[in-house]
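Chain by chain, the residues run as shown.
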Amino acid sequence: MPVMQDGRRHDMQAPGTETKQAFKTTEFWIYLIAVAAVLGASQVVGKNSAGVDIFRADNAWFMITLLTLGYLGSRGLAKAGSNWRSGEERKARH
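Residues numbered from 1 in each chain as written. Predicted model: local features only at pLDDT ≥ 70, side-chain atom pairs only at ≥ 80, totals over all residues. Heavy atoms only, no water.

Student: Would you mind going over the side chain of Thr25 with me for this structure?
Tutor: Relative to the elements of secondary structure, Thr25 occurs in the segment before helix H1 (26–45). If sequence neighbours within four positions are ignored, Thr25 has contacts with Lys20 and Arg75. (Helix = DSSP H or I, 4+ residues; strand = E, 2+ residues; numbered from the N terminus. Contact = heavy atoms within 4.5 Å.)

Shown next as structure tokens:
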């Protein structure tokens, strides 16, 4: 709490959050587009001349898992840099 010139202390206003909500970020929308593209590609690719499915469903879901891990990692890194604290946490420290 900052001390004013007259010696009194005033509560500081809580800082805003440093990161946006997940659905407001470009990485969220790119993630959704990438998942749709993987599922679409898996559906469209089909079989090769030997009759073997080139991009099977298990491969598509593995790619989606990798995309999900990347997305969650990027959100985790974004949140890790945030200085946001709840009001209760700030009051407990003072």
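Next comes the rest of the write-up.
Student: Which parts of the structure should I look at to understand the pattern of salt bridges?
Tutor: Side-chain pairs of opposite charge can arise where the charged atoms are in close proximity. With the rule as written, the count across this model stands at two salt bridges. Here Glu27 makes a salt bridge to Arg75, at a shortest N to O gap of 3.4 Å. In this pair, Glu27 is assigned in helix H1 and Arg75 in helix H2 (residues 57–80), connecting sequence segments 48 residues apart. Owing to a relative accessible area of 28%, Glu27 belongs among the partly exposed residues under this scheme. For Arg75, a relative accessible area of 10% corresponds to the buried category. (Salt bridge = Lys/Arg side-chain N within 4 Å of Asp/Glu carboxyl O. Buried < 20%, exposed > 50% of the residue type's maximum accessible area, 1.4 Å probe, protein only.)

Student: When you look at the environment of Val44 in this model, what are you seeing that I'm missing?
Tutor: With respect to the helices, strands and loops of the structure, Val44 is situated in helix H1. A relative accessible area of 68% places Val44 in the exposed class. Linking Val44 and Phe55, residues eleven residues apart in sequence, is a C-alpha distance of 9.0 Å.

Student: When you look at the nonpolar core in this model, what are you seeing that I'm missing?
Tutor: In a soluble, globular protein the nonpolar side chains are often hidden away together inside. Judged by nonpolar contacts, Phe28, Tyr31, Val35, Val38, Phe55, Ala60, Ile64 and Tyr71 together constitute the single largest core of eight residues. In terms of residue count, the dominant contributor to this core is H1 (four residues). Among all residues touching Tyr71, those that are not within four sequence positions of it are Ala22, Glu27, Phe28 and Tyr31. (Core = buried A, V, L, I, M, F, W, Y, C linked by side-chain atoms within 4.5 Å.)

Student: Before we go on, may I ask you to explain the packing of H1 against H2 in this structure?
Tutor: Put simply, H1 and H2 touch, their axes get as near as 9 Å, and they point 175 degrees apart. Comparing the axis directions of H1 and H2 gives the class roughly antiparallel. Contacts between H1 and H2 involve Glu27, Phe28, Tyr31, Ala34, Val35, Val38, Leu39 and Ser42 on the former and, on the latter, Ala57, Ala60, Trp61, Met63, Ile64, Leu67, Thr68, Tyr71, Ser74 and Arg75. Here the residues of the contact of H1 with H2 are counted per class, giving 13 nonpolar, three polar and two charged. (Axes fitted to C-alpha atoms, helices over the stretch in contact; angles between N-to-C directions. Parallel < 35°, antiparallel > 145°, perpendicular 65-115°, else oblique. Nonpolar A, V, L, I, M, F, W, Y, C, P; charged D, E, K, R; others polar.)

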